[in-house]
Amino acid sequence: MAIQKVGVVGCGLMGSGIAQVSAAAGSQVVVCELATEVLEKGFARIEGSLRKLVSKEKLTATQCEETLARFSKTQKLEDLADCDLVIEAITENLEAKKSLFASLGGICKPEAIFASNTSSFPIEEMATASGRPERFVGLHFFNPVPLMKLVEVIRHEGVSSEVIEEARAFGKAVGKVAILAPDTPGFVVNRLLVPLLLEAVRMVERGDATVEDVDTGMTLGCGHPMGPITLLDYVGLDTTLFIVEGWHARYPDNPLFEPPAVLRSMVKDGKLGRKSGQGFYRWDGDKRA
Ligand code: 3HC
């Protein structure tokens, strides 16, 4: 594997998952997270997930310990200086991401590859801000990262084909199937998934079908592991609203990107889904109550 040392910036749900699969694949991983509480919670999540995989015999106890030993934690970007690949998974704020990559551009070795796990922003804007667009790529993982088998490799105009190949090889090394995706809203998966989730909400909003019937329809009728409303709760109503509001602002004439009123009001009321314990369903930790 050409990429031996990986930096992950941000240790929330996605960052911790990306760090976990990178370490499990044999890379040294430096996790950079400014908020101590988020860092500690992220590491508890990584440890919990690895132990769960051991209990399910998907990992041996030795592999679990070896994986944990490959991590280091930091609150300083300077500690990412000698990483071969730095993956950003901070909160979805374009200006914050651009400023992070501008700083990393001055800190990391010139041959390092930069990647963003953004689900909603144009890769090209961050690539330009980094000062090394030819070594910048989108690497979009799916939640829960340790279990979902896909990664989207997002190609923008300025990236070199060598970096695309290295990103694809990294995706494979961390146990994912990599698909090539365009630098357009939602790339491939969210471009199809988000309109589906929103249409499910609109059906419920209009009173056409109940929450339960929409979900049963798509699980039993189409074989989806979770119905769209459950998945919306699982991903987070706020996350989905945030994605679609960004697209709506950029493409106001596209009716697929129109945020449903009920989604806005639920988020305003703090009903965010799994993370707040209440969305369209009630949640008890990671399970629907
Ligand atoms: N690490 C290790 N184990 C985990 C885990 C993790 N992170 N998350 C869940 N598990 C375990 C559970 O604890 C459970 O163990 P148990 O059997 O001992 O209770 C086991 O995996 C199976 O989980 P569930 O019982 O919850 O049952 P499922 O069979 O439904 O599997 C699932 C869970 C893989 C999440 C499946 O429901 C699924 O594929 N759902 C769809 C998820 C999806 O679509 N994700 C993409 C969202 S979109 C996205 O991420 C893009 C972003 O940009 C918005």
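Refer to the preceding data block for the structure.
All values reported here derive from a predicted model rather than from experimental measurement.

Engineer: How would you summarise the overall build of the chain if you had to cite specific residues and measurements?
Structural biologist: Assigned secondary structure in the chain consists of eleven helices and ten strands. The globule rule puts the C-alpha radius of gyration for 289 residues at 19 Å, and the 19 Å found for the chain is close to it. Dimensions of the chain, computed from the C-alpha atoms along their principal axes, are close to 55 × 45 × 35 Å. Looking at the 289 residues of the chain, the share that counts as buried comes to 47%. In the chain, once contacts between residues fewer than 6 apart in sequence are set aside, the share between residues at least 24 apart is 66%. When the accessible area of the chain is evaluated, it comes to approximately 13400 Å², of which 55% is carbon and sulfur surface. Taken together, the 32 basic and 38 acidic charged side chains of the chain have centroids lying 4 Å from each other.

Engineer: Go over the site of the ligand with me, naming the residues and quoting the values.
Structural biologist: The environment of the ligand is made up of 19 residues, and the closest members are Ser49, Lys52, Lys56, His140 and Asn143. Here histidine 140 contributes a side-chain N or O atom positioned 2.8 Å from an oxygen atom of the ligand. One nitrogen or oxygen atom from the side chain of lysine 287 is found 2.9 Å from an oxygen atom belonging to the ligand. Calculation on the ligand without its partners gives an accessible area of 1100 Å², and the protein chains cover 69% of this total. Top element by residues in the shell around the ligand is helix 9 (residues 228-235). It accounts for three residues. Its residues placed into classes, the shell around the ligand shows eleven nonpolar, five polar and three charged. Built from parts of two domains, the shell around the ligand gets at least three residues from each of domain 1 (5-182) and domain 2 (191-282).

Engineer: Account for the packing of helix 7 (residues 189-206) against helix 10 (residues 237-250), with residues named and values stated.
Structural biologist: For the pair helix 7 and helix 10, interaxial distance at closest approach is 11 Å and the crossing angle is 110°. On the basis of the axis angle, helix 7 is roughly perpendicular to helix 10. On the side of helix 7, the interface is formed by Asn190, Arg191, Val194 and Leu198, while helix 10 contributes Thr240, Ile243, Val244 and Trp247. When its residues are assigned to classes, the contact of helix 7 with helix 10 shows five nonpolar, two polar and one charged.

Engineer: Let's hear about the pairing of strand 7 (residues 150-155): which residues, and what values?
Structural biologist: Bridging between strand 6 (residues 136-141) and strand 7 involves four bridges; their strand directions are antiparallel. Each bridged residue has a counterpart across the sheet, and for histidine 140 the counterpart in strand 7 is glutamate 152. As paired strands, strand 7 and strand 8 (residues 177-182) are joined by six bridges and run parallel to one another. For leucine 150, the partnering residue across the bridge sits in strand 8 and is valine 177.

Engineer: So what about the packing of aromatic side chains? Which residues, and what values?
Structural biologist: What the rule picks out here adds up to seven aromatic pairs. Relative to phenylalanine 114, the ring of phenylalanine 101 has its centre 5.8 Å away and its plane inclined at 35°; by these criteria the two rings are tilted. Here phenylalanine 101, found in helix 4 (residues 94-107), pairs with phenylalanine 114, found in strand 5 (residues 113-116); they are 13 residues apart in sequence, far enough to count as distant. For phenylalanine 114, a relative accessible area of 0% gives the class buried. Summarising the aromatic geometry, the rings of tyrosine 234 and tryptophan 283 are spaced 6.4 Å apart at their centres and angled 50° between planes, so their arrangement reads as tilted. Of this pair, tyrosine 234 sits in helix 9 while tryptophan 283 sits in strand 9 (residues 283-284), and the two are 49 residues apart along the sequence.

Engineer: Before we move on, could you go through the sheet that holds strand 2 (residues 28-32) and cite the residues and values that matter?
Structural biologist: What the eight strands build is an open sheet, ordered 3-2-1-4-5-6-7-8; its pairing is mixed. Looking at strand neighbours, the two that pair on one side only are strand 3 (71-74) and strand 8, the edges of this open sheet. Taking each pair of neighbouring strands and ignoring which way they run, the sheet shows an average axis angle of 25°. Against the sheet, helix 5 (residues 123-130) contacts strand 4 (85-88), strand 5, strand 6 and strand 7, and its axis sits at roughly 135° relative to strand 6. The sheet contacts of helix 6 (residues 161-173) involve strand 1 (5-9), strand 4, strand 5, strand 6, strand 7 and strand 8, and relative to strand 6 the element is tilted by about 25°.

Engineer: Which residues make up the pattern of salt bridges, and what values do they have?
Structural biologist: Summed over the entire model, instances satisfying the criterion amount to 18 salt bridges. Its salt-bridge partner being arginine 51, residue glutamate 65 comes within 3.0 Å of it at the nearest N-O pair. With glutamate 65 in helix 3 (residues 61-69) and arginine 51 in helix 2 (residues 36-55), this residue pair connects regions lying 14 residues apart in the sequence. Measuring nitrogen to oxygen at the nearest pair gives 3.7 Å for the salt bridge that ties glutamate 95 to lysine 98.

Engineer: Tell me about the layout of surface pockets, residues and numbers included.
Structural biologist: There is about 270 Å³ of room inside the second largest pocket. Residues that form the lining of the second largest pocket fall into these classes: nine nonpolar, two polar and three charged.

Engineer: With reference to specific residues and values, describe the side chain of serine 116.
Structural biologist: Tracing the backbone shows serine 116 in strand 5. With sequence-adjacent residues up to four places away left out, serine 116 is seen in contact with Glu88, Lys97, Phe101, Met126, Phe136, Val137, Gly138 and Leu139.

Reading the values: the criteria
Residues numbered from 1 in each chain as written. Predicted model: local features only at pLDDT ≥ 70, side-chain atom pairs only at ≥ 80, totals over all residues. Heavy atoms only, no water. Helix = DSSP H or I, 4+ residues; strand = E, 2+ residues; numbered from the N terminus. Rg over C-alpha atoms; globule rule 2.2 N^0.38 Å. Buried < 20%, exposed > 50% of the residue type's maximum accessible area, 1.4 Å probe, protein only. Contact = heavy atoms within 4.5 Å. Areas by Shrake-Rupley, 256 points an atom, 1.4 Å probe, with all protein chains shown as cover. Lys, Arg positive; Asp, Glu negative; His and termini not counted. Charge placed at Lys NZ, Arg CZ, Asp CG, Glu CD. Near = heavy atom within 4 Å. Polar contact = N/O pair within 3.5 Å; in protein donor to acceptor, adjacent residues only side chain to side chain. Nonpolar A, V, L, I, M, F, W, Y, C, P; charged D, E, K, R; others polar. Domains from an automatic or database assignment. Axes fitted to C-alpha atoms, helices over the stretch in contact; angles between N-to-C directions. Parallel < 35°, antiparallel > 145°, perpendicular 65-115°, else oblique. Pairing = 2+ DSSP bridges. Phe/Tyr/Trp six-rings, centres within 6.5 Å; stacked < 30°, edge-to-face > 60°. Salt bridge = Lys/Arg side-chain N within 4 Å of Asp/Glu carboxyl O. 1 Å grid on protein atoms, 1.4 Å probe; cavity = no way out; pocket = protein on both sides within 12 Å on 5 of 7 lines; lining within 4 Å. Points joined across faces, edges and corners; volume = space filled by probe spheres on them.

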